[in-house]
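# Understanding the architecture of this molecule
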Amino acid sequence: MTSADTSAAIPGPSSHDPSSMSEDPTEARLAAGPPLRAWQRRALTKYLTQKPRDFLAVATPGAGKTTFGLRVARELLDDRTVEQITVVAPTEHLKHQWAEAAARVGISLDSRFSNAAGQTSSDYHGVVITYAQIAAHPSRHRVRTENRRTLVILDEIHHGGDAKSWGEAIREAFDDATRRLALTGTPFRSDDSPIPFVTYEPEPGGNQRSKADHTYGYANALKDGVVRPVVFLAYSGQASWRTSAGEEFTARLGEPLSAEHTARAWRTALDPHGDWIPAVLAAAHTRLGQLRKSGVPDAGGLVIATDQTTARDYAELLESITGKHPTVVLSDDPKASSRIAEFSASDDEWMVAVRMVSEGVDVPRLAVGVYATSSSTPLFFAQAIGRFVRSRRPGETASVFLPSVPVLLDLASQMETERDHVLGKPHRESDGLDDALLIDANKQKDEPGEEERGFQSLHADAELDQVIFDGSSFGTATFAGSAEEEDYLGLPGLLDADQVRALLRKRQDEQVTTRSAPAPAPASTEPGRVGTGENLHALRRELNTLVAMHHQRTGKPHGLVHNELRSRLGGPPTALATADQLKERISALREWR
């Protein structure tokens, strides 16, 4: 989850004029600074009253964890409880976000501090470092902590258990810290590595569960208007692929399948050279356009890709759909942070990034997302969706497009579920909270392994399967490009949660009523032209059938046949082609016979 939340009201230094002190000194200190959100005020009251050495605050993304952490830092510096601040963040990008947010409240943090230097200028109140920096030289950071009274802010503290050496290094470096403040939006892990400086309490059965000192979940934040309602649009469709043994399979994405076939169908759908992802990207762009026209003129979109090669391919698809080249953020790009900052400050439409962007991106105007990655862990999913929930003004909603895969549908339905870290939990799910995926996401994966080379996606089409909101499912399956899909993509841009729920029910009722009515007589159409979504869908199916027959005769992969047709005749991928373009390809295939 993101941590450098700059969208909430950012507090400044507290003034301590004795003449303005009330009978309750804590209340006076709270009143001295700029207004805090209700949860921040409650958490700060608890902190200032109890004066704990260790404090764990769990707050949903977009709620203002950074604002809370910096207010605590400001209070402790002002009353001389501590002399310096050390902030520990998961990524380099987050280091700079923390330093920028701190500067706005009068706290100067050195985000370029290096282990080699070992010290920073006396002009700074402290430093911002990464967990990896601590693991590389824990004793150096221990010396810094011992020499001066220090508040250590551990951002996204669940990273403290990513590796045994990390946990040990954090304990060694900060065991003698005067105060430790741990912040996270996802206080859970997939393993039994205890999170440093977090309290665990025994529970029946011998397990131990992490205990937060203050919790503010998504459900409460949604009721308070602190975060946006998130509408999930899940797309299914037929997918075909070939294995390394030469066997071909066809399955419908989202239907009950074996784990292997689900993974293969999912991967086929995400293939940038197929038809599923272009159709979903086009739908997402339509939704983004609707938001921009109906109250959110600077709304931005984010496509989360699995790897760098695919991210570049998705960027090309978006350019063909929108006519504009999107911002591309790659994990090994030294300018990644500046590209994100530039996109955030602009009114550009789209950004494409690999999975690393799920944690460490603070772009409040992001309102449309495409979950185009194969990661299925609750931790990653929560962090990815956290990019879109940050509320700026009343009524803003977020829309996230995703594959209709059971594990993702389940996660989307459990947005409000609060989780803790449990030690000793037996029978952990194989698709559980695998933090290693987040580390792996930052690595370039351009070299396919043996299994990758053997697998070949052939074709996948896209259909809007269902819309998920507030744990409920709405709508019945309809193909991409249909009038029914347009009804869901055309929801107004400014709606509160109750209005979203009411409109989705209304759309679903209209959809059911329309399908239950007698079919009207076919309308005459201009010769040679077919304009309705239903006929477009029929033409796509006819084309795909002919492609399959051509494959049986020639042995050419489905995807190669589609590419040859596009190369010879021009035009976009099948899912975006017009009726005339589809008919032209069908005629060409028949001639090839």
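Residues numbered from 1 in each chain as written. Predicted model: local features only at pLDDT ≥ 70, side-chain atom pairs only at ≥ 80, totals over all residues. Heavy atoms only, no water.

## Overview of the overall build of the protein
Basically, it comes down to this: Here a strand is any run of E in DSSP of at least two residues, a helix any run of H or I of at least four, and the numbering for each starts at the N terminus. Each residue is assigned to one of three classes by its accessible area relative to the maximum for its type, calculated with a 1.4 Å probe on protein chains only: buried under 20%, partly exposed between the two thresholds, exposed over 50%. Here, two residues are considered to be in contact whenever any of their heavy atoms come within 4.5 Å of each other. To measure how exposed things are, a 1.4 Å probe is used in the Shrake-Rupley method; for residues, cover is taken only from the protein chains shown.
Scanning the protein from N- to C-terminus turns up 21 helices and 21 strands. The 593 residues of the protein split such that 55% are buried. Put simply, of all contacts in the protein between residues at least 6 apart along the chain, 75% involve residues at least 24 apart. On the protein, roughly 24,700 Å² of surface is accessible, and the fraction owed to carbon and sulfur atoms is 49%.

## Examining the pairing of strand S11 (residues 248-253)
The condition that has to hold: DSSP bridges decide pairing: two strands pair if at least two such bridges lie between them.
Bridging between strand S10 (residues 230-242) and S11 involves six bridges; their strand directions are antiparallel. Residue pairing in the sheet places Gln238 in a bridge with Arg252 of S11. Hairpin connection between S10 and S11: a loop of five residues separates the two successive antiparallel strands, and Gly246 in this loop has a positive phi of roughly 90 degrees.

## Looking at the side chain of His285
Examined against the element boundaries, His285 turns out to sit in helix H10 (residues 276-293). Residues contacting His285, with those up to four places away along its chain left out, are Ile321, Thr322, Glu349 and Trp350.

## Examining the environment of Glu463
The following threshold applies: Between N or O atoms, a polar contact is any pair within 3.5 Å; within protein, one atom must be a potential hydrogen donor and the other a potential acceptor, and residues adjacent in sequence are included only when both atoms are from side chains.
With respect to the helices and strands, the residue Glu463 is situated in strand S19 (residues 463-469). Judged by relative accessible area, Glu463 falls into the buried class, the value being 8%. Between the C-alpha atom of Glu463 and that of Ser236, which follows or precedes it by 227 residues, the distance is 5.2 Å. Within the structure, Glu463 has its side chain in polar contact with the side chain of Arg252 (distance 2.9 Å).

## A closer look at the nonpolar core
To keep it simple, the criterion reads: To qualify as a nonpolar core, a set must consist of buried Ala, Val, Leu, Ile, Met, Phe, Trp, Tyr and Cys residues joined through side-chain atoms within 4.5 Å.
Ranked by size, the top nonpolar core spans 122 residues in total, and within it Phe68, Leu151, Tyr235, Trp276, Val370 and Phe401 carry the most contacts. Ranked by residue count, the leading element in this core is H10, at nine residues. Those residues within four positions of Leu151 in sequence are excluded, and the remaining contacts are Tyr47, Val72, Ala73, Leu76, Val82, Gln84, Ile85, Thr86, Arg179, Arg180 and Leu181. With 22 residues, the next largest nonpolar core counts Leu56, Ile129, Ile157 and Ile195 among its residues.

## Topic: the packing of aromatic side chains
So the rule is basically this: Think of it this way: a Phe, Tyr or Trp ring, Trp meaning its six-membered ring, pairs with another when their centres are within 6.5 Å, and the plane angle makes it stacked under 30 degrees, edge-to-face over 60, tilted otherwise. Consider the ring centre and the ring normal. A charge sits over the ring if Lys NZ or Arg CZ is within 6 Å of that centre and within 35 degrees of that normal.
Tallied over the entire structure, the rule returns nine aromatic pairs. Arranged with centres 5.5 Å apart and planes meeting at 15 degrees, the rings of Trp39 and Tyr216 form a pair that is stacked. Residue Trp39 is found in helix H2 (residues 38-50), and its partner Tyr216 is found in strand S9 (residues 214-216); the two are separated by 177 residues along the sequence. Relative accessible area serves as the criterion here: at 3%, Tyr216 is assigned to the buried category. A ring pair is formed by Trp241 and Phe249, whose centres lie 6.0 Å apart and whose planes are at 20 degrees; its orientation type is stacked. The partly exposed category is assigned to Phe249, whose relative accessible area is 25%. Chaining the aromatic ring pairs together yields one cluster made of Trp39, Tyr47, Phe55, Phe68 and Tyr216. In this structure, Arg144 packs its charged tip against the face of Phe113, placed 5.2 Å from the ring centre. A cation sits over an aromatic face here: Arg171 above Phe197, 5.8 Å from the ring centre.

## Considering the sheet that holds strand S5 (residues 150-155)
The test is simple: Structural elements are reduced to axes, namely lines fitted to C-alpha atoms, with helices fitted over the stretch in contact, and the angle between N-to-C directions of any two is expressed from 0 to 180 degrees.
Spatially, S3-S4-S2-S5-S6-S1-S9 is the arrangement adopted by the seven strands of the open sheet, whose pairing is parallel. Both outer strands of the open sheet, strand S3 (109-110) and S9, are each paired with one neighbouring strand and no more. Pairing of strand S1 (residues 54-59) with S9, which is carried by three bridges, proceeds in the parallel orientation. Paired with Ala57 across the strands is His214, a residue of S9. In the packing of helix H4 (residues 92-103) onto the sheet, contacts are made with strand S2 (84-89), S3, strand S4 (126-130), S5 and strand S6 (179-184), and the angle to S4 comes to roughly 155 degrees.

## A short note on helix H14 (residues 406-413)
For clarity, the threshold we go by: Our arc is simply the arc of the directions from the helix axis toward the C-beta atoms.
Residues Leu408, Leu409, Leu411 and Ala412 constitute the buried set of H14. For H14, the angular spread of buried residues about the axis comes to 165 degrees, placing them on one side. Contacts from the buried residues of H14 go to S10, helix H9 (259-269), strand S15 (366-372), helix H13 (378-385), strand S16 (398-403) and S19.

## Notes on H2
So the rule is basically this: Helix span, expected: 1.5 Å multiplied by one less than the number of residues in the helix.
With 13 residues, H2 should reach 18 Å at 1.5 Å per residue; the first-to-last C-alpha distance of 18 Å fits that figure. Along H2, the residues that are buried comprise Trp39, Gln40, Ala43, Leu44, Tyr47 and Leu48. For H2, the angular spread of the buried residues around the axis is 155 degrees, confining them to a single face.

## Brief notes about the pattern of salt bridges
Stated formally: Here a salt bridge means any side-chain nitrogen of Lys or Arg lying within 4 Å of a carboxyl oxygen belonging to Asp or Glu.
One pass over the full model with this rule turns up 16 salt bridges. Note that Arg252 and Glu463 form a salt bridge whose closest N and O atoms lie 2.9 Å from each other. Of this pair, Arg252 sits in strand S11 while Glu463 sits in strand S19, placing them 211 residues apart in sequence. In this structure, the salt-bridge partner of Asp498 is Arg501, at a minimum N-O distance of 2.9 Å. Taken together, the positions of Asp498 and Arg501, both in helix H18 (residues 497-516) and three residues apart, correspond to about one turn of that helix. The network of salt bridges with shared partners includes Arg228, Asp298, Arg392, Arg393 and Glu396.

## Observations concerning the pairing of S2
Of all six residues in S2, six are buried, a share of seventy percent or more. Every second residue of S2 is oriented toward a common face, with Gln84, Thr86 and Val88 on one face and Ile85, Val87 and Ala89 on the other, all of them buried. With five bridges joining them, S2 and S5 adopt parallel strand pairing. Across the sheet, the residue bridging to Val88 is Leu154, located in S5. Bridge count between S2 and S4: five bridges; the pairing is parallel. The partner of Val88 across the bridge, within S4, is Ile129.

## Regarding the confidence of the model for the protein
In low-pLDDT segments, the atomic positions of the prediction should not be examined closely. The condition is simple: Each residue gets a pLDDT score, which is the predictor's confidence in that residue and runs from 0 to 100.
Put simply, the protein has an average pLDDT of 79, and 76% of its residues get 70 or more. Counting interchain partners and residues more than four positions distant, the pLDDT-below-50 stretch residues 1-22 has 77 contacts. Every residue in residues 419-451 is under pLDDT 50, and counting partners more than four places away or in other chains gives 89 contacts.

## Some points on unusual backbone geometry
Glycine aside, a negative phi is what most residues show, and trans is what most peptide bonds show. Phi angles above zero are rare outside glycine, and Arg80 is one such case at about 65 degrees. Checked against the element boundaries, Arg80 lands in the loop between helix H3 (65-78) and S2. Despite not being glycine, Phe197 has its phi angle at roughly 65 degrees, a positive value. Within the fold, Phe197 resides in the loop between S6 and strand S7 (199-202).

## Regarding the environment of Thr120
One can find Thr120 in the loop between S3 and S4. With a relative accessible area of 26%, Thr120 lands in the partly exposed category. Sequence separation between Thr120 and Asp110 is 10 residues, and the spatial gap between their C-alpha atoms is 7.2 Å. Discounting chain neighbours no more than four positions away, the residues touching Thr120 are Asp110, Phe113 and Val127. At 2.7 Å, the side chain of Thr120 and the side chain of Asp110 are in polar contact.

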